[in-house]
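# Fold and geometry: a report
These are the residues of each chain, in order.
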Amino acid sequence: MRAATDQNLRMIHLAAAPRRRWRNGGGWTRELLAWPGPDDWRVRVSVADIESDGPFSSFPGVRRFFSVLQGAGVELTIDGRTTRVTPTDAAVQFPGEAKTVCRMLDGPTRDLNLMVRGPHGAMERVPAGTAWSPPARSCGIFALAAGSCCADDATLAVPPLTLLWFERAPVSITFDAAGWWLAA
C-alpha cells in the first residue's frame with residue numbers, strides 16, 4: 001500500500017493487494033481496505049474476480065454494495081429475488097446476512113464490493129468532473145481510469161484501478177475520469 005503524506009488519506013493500487021482464494025473456490029478477492037483495522041473493520045473495500053456460479057459468504061450485521069466492473073455481468077438471487085447486474089448498472093445494496101447466490105451471465109466478472117458496519121454507506125458511479133458531497137464521515141473513490149481528484153483545496157493524480165480513501169471526508173470531491181464513489 002502506498003499512503004499519501006496526509007494521515008487522513010490512503011492510496012491503494014489493486015495490483016499491490018494480495019489475491020486470496022475464496023473458501024468455496026469460485027473466485028478470488030483483493031482486499032483494498034479494512035478500516036480501521038483488519039480484525040475490527042467498520043468499512044471493507046475489495047475487488048473480486050468471480051470464476052464460477054455459487055453462494056456469497058454471509059456477513060450478518062453488514063450492509064453490502066456490489067457493482068460489476070468488467071465482464072458481461074451476473075444475476076444475483078438475494079433472499080429469493082433476482083437482480084441482474086452489468087457494468088452499466090447502478091450498484092446493488094443488500095443485507096450481508098441475506099442468502100445470496102450468484103450466476104454469471106456470460107463468463108467471469110470483476111466486481112467492486114463495499115461492506116459497511118453501521119448506518120451510513122453509499123456506492124455511486126462517478127459523473128466525471130461533477131462535484132460530490134460525501135454523505136458520510138469517511139469516503140473514497142475507486143478509479144477505473146487514471147484521473148485527477150480534487151478534494152477541497154488539494155489535487156491528486158490517481159492511477160487506474162486504485163482506491164483513494166479519506167478517513168475524514170472532504171466537504172467536496174471531484175474526479176475527472178470513470179470510477180465509483182464510496183462512502184461509509
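Quick look at the structure, then. (Residues numbered from 1 in each chain as written. Predicted model: local features only at pLDDT ≥ 70, side-chain atom pairs only at ≥ 80, totals over all residues. Heavy atoms only, no water.)

Let us look at empty space enclosed by the protein. Applying the stated criterion across every chain yields a total of one cavity of 30 Å³ or more. A volume near 40 Å³ is recorded for the largest cavity. When its residues are assigned to classes, the lining of the largest cavity shows five nonpolar, four polar and one charged. (1 Å grid on protein atoms, 1.4 Å probe; cavity = no way out; pocket = protein on both sides within 12 Å on 5 of 7 lines; lining within 4 Å. Points joined across faces, edges and corners; volume = space filled by probe spheres on them. Nonpolar A, V, L, I, M, F, W, Y, C, P; charged D, E, K, R; others polar.)

Counting 21 residues, the largest nonpolar core has Leu32, Val45, Leu112, Leu163 and Leu182 as the members making the most contacts within it. Residue assignment for this core shows that the elements contributing at least two residues are β3 (27-35), β4 (43-50), β6 (63-70), β11 (109-116), β16 (162-166) and β18 (179-183). Ignoring sequence-local partners within four residues, the contact set of leucine 163 consists of Arg10, Met11, Ile12, Leu32, Leu33, Val45, Ile141, Phe142 and Leu182. In this structure, Ala136, Leu164, Phe175 and Ala183 belong to the second largest nonpolar core, which totals 19 residues. (Core = buried A, V, L, I, M, F, W, Y, C linked by side-chain atoms within 4.5 Å. Buried < 20%, exposed > 50% of the residue type's maximum accessible area, 1.4 Å probe, protein only. Helix = DSSP H or I, 4+ residues; strand = E, 2+ residues; numbered from the N terminus. Contact = heavy atoms within 4.5 Å.)

Take the packing of aromatic side chains next. For any pair of aromatic rings, geometry is given as the distance between the ring centres together with the angle between the planes. Using the criterion set out here, one finds four aromatic pairs in the structure. Ring centres of phenylalanine 56 and phenylalanine 94 lie 6.4 Å apart, and the angle between their planes is 40°; this geometry places the pair in the tilted category. With phenylalanine 56 in the loop between β5 (54-55) and β6 and phenylalanine 94 in strand β9 (residues 92-95), this pair connects stretches of sequence that are 38 residues apart. A relative accessible area of 15% means that phenylalanine 56 is categorised as buried. The structure contains a cluster of three or more aromatic residues connected by ring pairs, namely Phe56, Phe66 and Phe94. Just above the ring of tryptophan 28 sits the side chain of arginine 19; from NZ or CZ to the centre is 4.0 Å. When the ring centre of tryptophan 41 is taken as reference, the NZ or CZ atom of arginine 117 above it lies at 3.9 Å. (Phe/Tyr/Trp six-rings, centres within 6.5 Å; stacked < 30°, edge-to-face > 60°. Lys NZ or Arg CZ within 6 Å of the ring centre and 35° of its normal.)

What follows covers the pattern of salt bridges. One pass over the structure, following the stated rule, counts five salt bridges. Between glutamate 31 and arginine 44 there is a salt bridge whose closest N-O contact spans 2.8 Å. Remark: arginine 44 occurs in strand β4 and glutamate 31 occurs in strand β3; sequence separation between them is 13 residues. The closest approach of N and O atoms between arginine 103 and glutamate 75, which form a salt bridge, is 3.3 Å. You can see arginine 103 sitting in strand β10 (residues 100-104) and its partner glutamate 75 sitting in strand β7 (residues 74-78), a full 28 residues away along the chain. (Salt bridge = Lys/Arg side-chain N within 4 Å of Asp/Glu carboxyl O.)

It is worth spelling out the sheet that holds β11 at this point. The six strands are arranged β2-β3-β4-β11-β6-β9 in an open sheet whose pairing can be described as antiparallel. Across the chains shown, the open sheet's two edge strands, defined by having one partner strand only, are β2 (19-21) and β9. Each neighbouring strand pair of the sheet contributes to a mean axis angle of 30°, computed without reference to strand direction. The pairing of β4 with β11 spans eight bridges and is antiparallel. Across the sheet, valine 43 pairs through a bridge with valine 116, a residue of β11. (Pairing = 2+ DSSP bridges. Axes fitted to C-alpha atoms, helices over the stretch in contact; angles between N-to-C directions.)

Here we come to the layout of surface pockets. Of the voids in this model, the largest pocket is the one considered here, and its volume is about 560 Å³. What lines the largest pocket is a set of 21 residues, and nearest its centre among them are Trp22, Thr29, Arg44, Ser57 and Phe59. Residue assignment for the lining of the largest pocket shows that the elements contributing at least two residues are β2, β3, β4, β6 and β11. Looking at which element gives the most residues to the lining of the largest pocket, the answer is β4, with four residues. Across the lining of the largest pocket, the residue classes tally to nine nonpolar, five polar and seven charged.

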